[in-house]
There are 2 protein chains.
Amino acid sequence: VTGRSVGEPVSPGVGGDRVIGARGAPSGPPEEVRVEVPTGTGSYPVRIAPGLLRSLPTLLREHAAGHRYALISDSNVAPLHGEPLMRAMEAAGLPAILLTFPAGEAQKSREWWGRLTDRLLEEGFGRDGVVVALGGGVTGDLAGFVAATYMRGIPVVQCPTSLVAMIDASVGGKTGVDTPVGKNLVGAFHPPRVVVADPEVTATLPRQERAQGLAEAVKHGAILDRGYLDALRREAGTLLDGDPQATWRTVIRSVELKGDVVGRDEREGGLRRILNFGHTLAHALEQATGYAIPHGSAVALGMVLEARLGERLGVTAPGTAQLLAEVVQEMELPAVPPAGIDAEAMLAATRSDKKGEGGVVRYVLLRGAGEVDPGQGWVHAVPDREVLSLLRETSGA
Amino acid sequence: VTGRSVGEPVSPGVGGDRVIGARGAPSGPPEEVRVEVPTGTGSYPVRIAPGLLRSLPTLLREHAAGHRYALISDSNVAPLHGEPLMRAMEAAGLPAILLTFPAGEAQKSREWWGRLTDRLLEEGFGRDGVVVALGGGVTGDLAGFVAATYMRGIPVVQCPTSLVAMIDASVGGKTGVDTPVGKNLVGAFHPPRVVVADPEVTATLPRQERAQGLAEAVKHGAILDRGYLDALRREAGTLLDGDPQATWRTVIRSVELKGDVVGRDEREGGLRRILNFGHTLAHALEQATGYAIPHGSAVALGMVLEARLGERLGVTAPGTAQLLAEVVQEMELPAVPPAGIDAEAMLAATRSDKKGEGGVVRYVLLRGAGEVDPGQGWVHAVPDREVLSLLRETSGA
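Rules used in this analysis
Residues numbered from 1 in each chain as written. Chains lettered and ligands numbered in written order. Predicted model: local features only at pLDDT ≥ 70, side-chain atom pairs only at ≥ 80, totals over all residues. Heavy atoms only, no water. Helix = DSSP H or I, 4+ residues; strand = E, 2+ residues; numbered from the N terminus. Areas by Shrake-Rupley, 256 points an atom, 1.4 Å probe, with all protein chains shown as cover. Expected span 1.5 Å × (residues − 1). Buried < 20%, exposed > 50% of the residue type's maximum accessible area, 1.4 Å probe, protein only. Least-squares fit on C-alpha atoms with pLDDT ≥ 70 in both. Contact = heavy atoms within 4.5 Å. Buried area = accessible area lost by both parts, 1.4 Å probe. Salt bridge = Lys/Arg side-chain N within 4 Å of Asp/Glu carboxyl O. Polar contact = N/O pair within 3.5 Å; in protein donor to acceptor, adjacent residues only side chain to side chain. Phe/Tyr/Trp six-rings, centres within 6.5 Å; stacked < 30°, edge-to-face > 60°. Lys NZ or Arg CZ within 6 Å of the ring centre and 35° of its normal. Axes fitted to C-alpha atoms, helices over the stretch in contact; angles between N-to-C directions. Parallel < 35°, antiparallel > 145°, perpendicular 65-115°, else oblique. Left-handed = near helix turned anticlockwise from the far one by under 90°. Nonpolar A, V, L, I, M, F, W, Y, C, P; charged D, E, K, R; others polar. Pairing = 2+ DSSP bridges. Right-handed = clockwise from strand over helix to strand, strands pointing away. pLDDT = per-residue confidence, 0-100.

A.B. asks: Explain the overall build of chain A to me, and be specific about the residues and the numbers.
C.D. replies: Counting its regular elements, chain A contains 13 helices and 14 strands. With the model as given, the accessible surface of chain A reaches about 13700 Å², and the carbon-plus-sulfur share is 50%.

Next up, the structure:
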């Protein structure tokens, strides 16, 4: 185990010429790397190693000793990983149950939160119970929110099985569910006891899903580390092919970068906002198209659009949007929105985003690739007309 | 304003001969007293003064500056305090809405949590919104949980209007709702920005409701401060009559005692457990009688029973149960359970209490009046047969 704390500062704007894994280790064969993420009251480790998920019982004993464990998983992941892990738990003498919900974002709801909670109550789970979230972003958010609110909070262990969850969603302690009005509108901050990141489980993912996950890695590079962005561009093909070592290095660097940001600002009052880069217009695109665009694609488009917005406003260095467009295209993600997007509908959607405060829509804008403009508290209040003009131009209206 | 921090230690077992208000102030006419309650990441003030609620707009500006305020209140309290406060908010230029739910514990549910959340979403509340919980314990818990989970947490201000909420429930950051299986099974810790305690609003409460609230004050004395317990006994009649100054002193001392405990142990891992004294059997009584016994009466009975349990086990000094029985009777609360209680049903109910860990039921036991026995982590694992034998004896079976 190589201990790697997020000690070395990764300040926005200081990014620079680091390449994936440039920080000493890891260059040899994938070993275990551990990234500590600070929280308001302590820290938790993200443990990253191929095959690590098979050691889950040992990791649970170490990080979340409890009387009983509830593995929560969706109907896709449960047969693949849940059932084998249940056998491993039994063999290790750890009492566990497996709770399954139907796969899909539609189940990230208050209704399923209530049902899973009721199942734990029926099973007689007490405060010494531990929730193990085994799956992608939906599972992590939903199971995390169940744990956050069960008897006012019981421990959760995050075991991301999708690339996007491993690279991004499992780190930072955000949990929650959607409501008919919008995504993630109800939730809580509930840091996990440990994140178990096993890049091996992403090996079987379809190429398209891998690309979706890599959108957030591109974002980490875009806001914090030009060297990482360049490395991602160079290794795009290898990463899309599912190369284990490149995947492992990417998970490590993204977790380091994101962990550093959320460690400095757990609750989104300040620096954490930079992680919203690309996301205001991504959410607007998703809403305006009825979620027809997958999230990673929406983020890729959102980043290119918000970089262009920054260039129009004179905040972002010219050429940045073009560079990002090239990187996302290397990742087989879209750089140009689908034809016929309704600019007015998108603008309206930016206003209902929960980042809106007092009716003003704030955007994270880059200074250049790998660097966020400080703005005011890392955001810029952008007039609607600028956004509308950009969207009209983009949609060819 | 007299600043009073909870700095002076109030260790269990150190209680002793302090009397209400013996710590310097307050002996003259009621002035404003401020008790700081530490949290994991800071602290919040409990501001206590007659008439203070009328200054709500000023207090909100000071402690929870937000763009918009949502006063949440039940159908009993809204006409009495909510509507006048809405006029005060308007006069002060603070944008506010008043959300009302039907009075009663049955509404402390996931359904009403969802409905109130949806109302805030409909009204377009963002992260800069502030929830003001105006009412008794149910309102504080329900509105607090709405705030705790709205967009992963927005500020809440607690304005308790019942004596029990003022003395006890509004301090400590617990929020939550009931499920059909039991009380407070879903929730979150969400410390308020400020607690506005205005003893004047309790003046109009019926004598019986005042008695219900004073049960928790008796508990604070029983576990932490013999002098306070004696003072409550002496002043019982005055307090039941609603004497403003005696009420004000009692709120102060109870908030000091409770604030000190929750400040040392925000999340119930250790010391905070002592606040459960009397509550394991109180909840069991409530469940076994289908909540026919009001909560304060159940707590009064639970304290007497748990003191007797401690005496049987040789942990609690002989005579303690008798002393507590006398104090609660002075408060016009019951000291003997109603006839025909089903001892087996009560025992079964203790096992479903969420304080049960790994199937063992743990009790907080007194060493004597004003002092908790340290036990193991402030609790004792008590064999079911001891509890059953006590309950059978008590119920005359």
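So, next bit.
A.B. asks: Hey, could you go over helix 4 (residues 137-149) of chain B for me, with residue numbers and the actual values?
C.D. replies: Note on helix geometry: an α-helix contains 3.6 residues per turn, so any two residues three or four positions apart are oriented the same way. Residues and elements named next belong to chain B. Here helix 4 contains 13 residues, and its C-alpha end-to-end distance of 18 Å stays within 8% of the 18 Å for a straight helix at 1.5 Å per residue. When you tally the buried positions in helix 4, you get 12 out of 13 residues, the bulk of the element. What helix 4 keeps buried is the set Val138, Thr139, Gly140, Asp141, Leu142, Ala143, Gly144, Phe145, Val146, Ala147, Ala148 and Thr149. In the segment just after helix 4, Met151 is the residue with positive phi, at about 50 degrees.

A.B. asks: Run through unusual backbone geometry, naming residues and quoting values.
C.D. replies: Trans is the prevailing form of peptide bonds, just as negative phi is the prevailing case for residues other than glycine. Residues and elements named next belong to chain A. Phi at Asn184 is positive, roughly 55 degrees, even though this residue is not glycine. Turning to its location among the elements, Asn184 is positioned in strand 9 (residues 182-189). For Asn184, a relative accessible area of 15% translates into the label buried. With a phi angle near 60 degrees, Tyr291 is a residue other than glycine that sits in the positive phi range. Within the secondary structure, Tyr291 sits in the loop between helix 9 (279-288) and helix 10 (295-312).

A.B. asks: Tell me what's going on with the relation of the copies chain A and chain B, and back it up with residues and numbers.
C.D. replies: Least-squares fitting of chain A to chain B yields an RMSD of 0.0 Å, with the transformation described by 0.0 Å of translation along the axis and a rotation of 180 degrees. In the structure described here, the two chain copies are related by an operation that fits a two-fold rotation axis. Closest approach to the rotation axis among the C-alpha atoms of chain A is made by A:Thr41, whose C-alpha sits 3.7 Å away. A symmetric contact is evident, with 100% of the interface residues of chain A recurring at the interface of chain B.

A.B. asks: A description of the interface of chain A and chain B should follow, citing residues and the corresponding values.
C.D. replies: Taken together, the 33 residues of chain A in the interface contact 34 residues of chain B. Each partner contributes to the roughly 2800 Å² buried at the junction of chain A and chain B, and carbon and sulfur atoms together form 58% of this total. At the junction of chain A with chain B, the criterion picks out 2 salt bridges. Counting the contacts that link chain A with chain B gives 10 residue pairs in polar contact (both at pLDDT 80 or more). For the side of chain A that touches chain B, the elements supplying multiple residues, two or more each, are helix 3 (110-122), helix 4 (137-149), strand 8 (174-179) and strand 9 of chain A.

A.B. asks: I'd love a proper account of the pattern of salt bridges, names of residues and values included.
C.D. replies: Residue and element names in this part refer to chain A. Here the structure, examined in full by the defined rule, presents 58 salt bridges over all chains. Across the pair Glu123 and Arg68 runs a salt bridge, and its minimum N-O distance is 3.8 Å. Placement of the pair is Glu123 in the loop between helix 3 and strand 6 (129-135) and Arg68 in strand 4 (residues 68-74), with a sequence separation of 55 residues. Residue Glu123 is classed as partly exposed on the basis of its relative accessible area of 28%.

A.B. asks: With reference to specific residues and values, describe the packing of aromatic side chains.
C.D. replies: Going through the model one piece at a time under the given rule, you end up with 5 aromatic pairs over all chains. The ring of A:Trp112 carries A:Arg115 above its face, with NZ or CZ at 4.5 Å from the centroid.

A.B. asks: So what about the environment of A:Arg234? Which residues, and what values?
C.D. replies: Residue and element names in this part refer to chain A. Relative to the helices and strands, Arg234 resides in helix 7 (residues 226-241). With a relative accessible area of 56%, Arg234 lands in the exposed category. A C-alpha to C-alpha distance of 8.6 Å links Arg234 and Glu330, two positions 96 residues apart in sequence.

A.B. asks: Quick rundown of the packing of helix 6 (residues 207-224) of chain B against helix 10 (residues 295-312) of chain B? Include the residues and the values.
C.D. replies: Residue and element names in this part refer to chain B. Following both chains from N to C, one finds helix 6 and helix 10 inclined at 30 degrees, their axes separated by 7 Å at the closest point. By the angle between their directions, the pair helix 6 and helix 10 is classed as roughly parallel. The handedness of the crossing between helix 6 and helix 10 comes out as left-handed. Every residue of helix 10 that contacts helix 6 at Gln212, Ala215, Glu216, Val218 and Lys219 is listed here: His295, Gly296, Ser297, Val299 and Met303. Split into classes, the residues belonging to the contact of helix 6 with helix 10 amount to 4 nonpolar, 4 polar and 2 charged.

A.B. asks: Give a detailed account of the packing of helix 7 (residues 226-241) of chain B against helix 8 (residues 244-264) of chain B, specifying residues and quantitative values.
C.D. replies: All names here are of chain B. Put simply, helix 7 and helix 8 touch, their axes get as near as 11 Å, and they point 150 degrees apart. One way to sum up the angle between helix 7 and helix 8 is to call them roughly antiparallel. Crossing of helix 7 over helix 8 shows left-handed handedness. Residue-level contacts link Tyr228, Leu232, Glu235, Thr238 and Leu239 of helix 7 to Ala246, Thr247, Arg249, Thr250, Arg253, Ser254 and Leu257 of helix 8. Within the contact of helix 7 with helix 8, the residues separate by chemical class into 5 nonpolar, 4 polar and 3 charged.

A.B. asks: Mind laying out the pairing of strand 7 (residues 156-160) of chain B, listing which residues take part and the relevant values?
C.D. replies: Residue and element names in this part refer to chain B. For strand 7, the buried fraction is high: 5 of the 5 residues fall into the buried class. Of the two faces of strand 7, the one holding Val156, Gln158 and Pro160 and the one holding Val157 and Cys159 are both buried throughout. Of the pairings in the sheet, the one linking strand 6 (residues 129-135) to strand 7 comprises 5 bridges and is parallel in character. From the neighbouring strand, Val131 faces strand 7, where its bridge partner is Val156. The parallel pair strand 6 and strand 7, bridged by helix 4, forms a crossover whose chirality is right-handed.

A.B. asks: If you had to explain the environment of A:Leu98 to someone new, which residues and values would you point to?
C.D. replies: Residues and elements named next belong to chain A. Among the secondary structure elements, Leu98 is positioned in strand 5 (residues 96-101). Along the backbone, Leu98 and Ile72 are 26 residues apart, and their C-alpha atoms lie at a distance of 6.0 Å. What Leu98 contacts, discounting residues up to four positions off in sequence, is Leu71, Ser73, Ala78, Gly82, Glu83 and Met86.

A.B. asks: Talk me through the environment of A:Gly40; I want residue IDs and the actual numbers.
C.D. replies: All names here are of chain A. The residue Gly40 is located in the loop between strand 2 (33-38) and strand 3 (43-48) in this model. A relative accessible area of 48% means that Gly40 is categorised as partly exposed. Separated by 40 residues in the primary sequence, Gly40 and Leu80 have C-alpha atoms spaced 35 Å apart.

A.B. asks: So what about the confidence of the model for chain A? Which residues, and what values?
C.D. replies: Residue and element names in this part refer to chain A. Per-chain confidence: chain A averages 89 in pLDDT, with 89% of residues scoring 70 or above. In this model, residues 1-29 is a region of pLDDT below 50 whose contacts with residues beyond four sequence positions or in other chains number 79 contacts. Here the predicted complex scores 0.89 on pTM and 0.87 on ipTM.

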